[in-house]
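Structural features, examined
These are the residues of each chain, in order.
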Amino acid sequence: MSGLRSWLARRLLAGVAQTAAVVVLVFALTEALPGDAAVALAGDQPDPARIAAIRETMELDRPAAERLLDWATGLLHGDLGTSLVSGRAVSAYVSDGFGPTLLLAALTLLLLVPVGVGLGVLAARHAGRWPDRGISSVTLGVYAVPEFALGTLLVTVFALRLGWFPPTAVGYGGDLSGHPAALVLPVLVLLSRPVCSLSRLVRAGMIDALAAPYTAQARRYGVGGARVLLAHALPNAVAPAAQQLARTVDWLLCGVIVVEALFVIPGLGTVLMNAVAERDVPVVQGLAVVFGVLTVVLNLGADLVARRLTPRAEVAA
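Here's what I pulled together on the structure shown here. Quick caveat: nothing in here was measured; it's all calculated off a predicted structure.

**A few points about the nonpolar core**
- Grouped together as the largest cluster of nonpolar side chains are 21 residues, with contacts concentrated most on Leu104, Leu185, Leu190, Phe263 and Ile265.
- Those elements giving two or more residues to this core turn out to be helix H5 (90-125), helix H7 (147-161), helix H8 (181-210), helix H10 (225-254) and helix H11 (257-262).
- Of all the elements, H8 adds the most residues to this core, at 5 residues.
- When sequence neighbours within four positions are dropped, the list of residues in contact with Leu104 reads Leu183, Pro186, Val187, Leu190 and Ile265.

In structure tokens form, the structure reads like this:
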């Protein structure tokens, strides 16, 4: 128990350091953007007075170190800044876009875990035989198809030709939960590649676990095949898959820009694209920090789950 507490304290300290590094890196990258943000925000025919007013609002005349310190202090108090384009709080943009993105992520995970783990266990149980070859071939083929290409194909077949589902979420606003048909195609696209990688990881882990001495010992003691499979081999196979699952959740919450753009879903990815197009630096910075913190927290949770499942294993920091 003391070892777990010590490990958790080290990981929490590492997470705090990583979060601080994310804040500094985000600020440095936005500072390094080419061009003058004030000129870009002033429009096609910028007025010098308007440029000066924007520079004063953005505090670009102050040293970068002072602006970084003020921004980091605001972050500690939950203040992500204010949009230069609309004057709204950045936290309002995050709350508006978080709902649709979280809904897509939750539905995808709800299907990903049972389907990915089930396919991996099935392939490992029939390793080298036709179910294993079929699952491996299909997952490899699906994984090779980019999300944009797969989404376009699904829209063409199931939305435009068959008319089973709407092609986009236009007209539904942020109330996607009330229109489940609009979520089917985006969730299928989001599910396609993660389920392939997760099933292959579980398959490889199950094959190694089933060949390990402890499973052979369990069989010699008369433990049933299903119990050996689920109680002894599966936890050791799922431990490395927990890391992949954390990366998948991180991608679902922070990197679904292509899918949201294709299906016109007003999530965090769409908010980020619009902010970049409008050169709205505070919104870009705020979203980048939110994405970075989510990544740190999710990886910490994945390490904790992996250590809980395999307490003797070394878990990467």
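On we go.
**Observations concerning the side chain of Thr139**
- As for its placement among the helices and strands, Thr139 is situated in helix H6 (residues 130-143).
- Engagement of the side chain of Thr139 in a polar contact is seen with the backbone oxygen of Ile135, the distance being 2.7 Å.
- Among residues more than four places away in sequence, those in contact with Thr139 are Cys196, Ser199 and Arg200.

**Re the environment of Ala246**
- Along the polypeptide, Ala246 turns up in helix H10.
- Among the residues examined, Ala246 registers a relative accessible area of 6% and is labelled buried.
- When the C-alpha positions of Ala246 and Asp303 are compared, they lie 9.1 Å apart, and in sequence the two are 57 residues distant.
- The contacts of Ala246, once residues within four sequence positions are left out, are Leu298 and Ala302.

Definitions and limits used
- Residues numbered from 1 in each chain as written.
- Predicted model: local features only at pLDDT ≥ 70, side-chain atom pairs only at ≥ 80, totals over all residues.
- Heavy atoms only, no water.
- Core = buried A, V, L, I, M, F, W, Y, C linked by side-chain atoms within 4.5 Å.
- Buried < 20%, exposed > 50% of the residue type's maximum accessible area, 1.4 Å probe, protein only.
- Helix = DSSP H or I, 4+ residues; strand = E, 2+ residues; numbered from the N terminus.
- Contact = heavy atoms within 4.5 Å.
- Polar contact = N/O pair within 3.5 Å; in protein donor to acceptor, adjacent residues only side chain to side chain.

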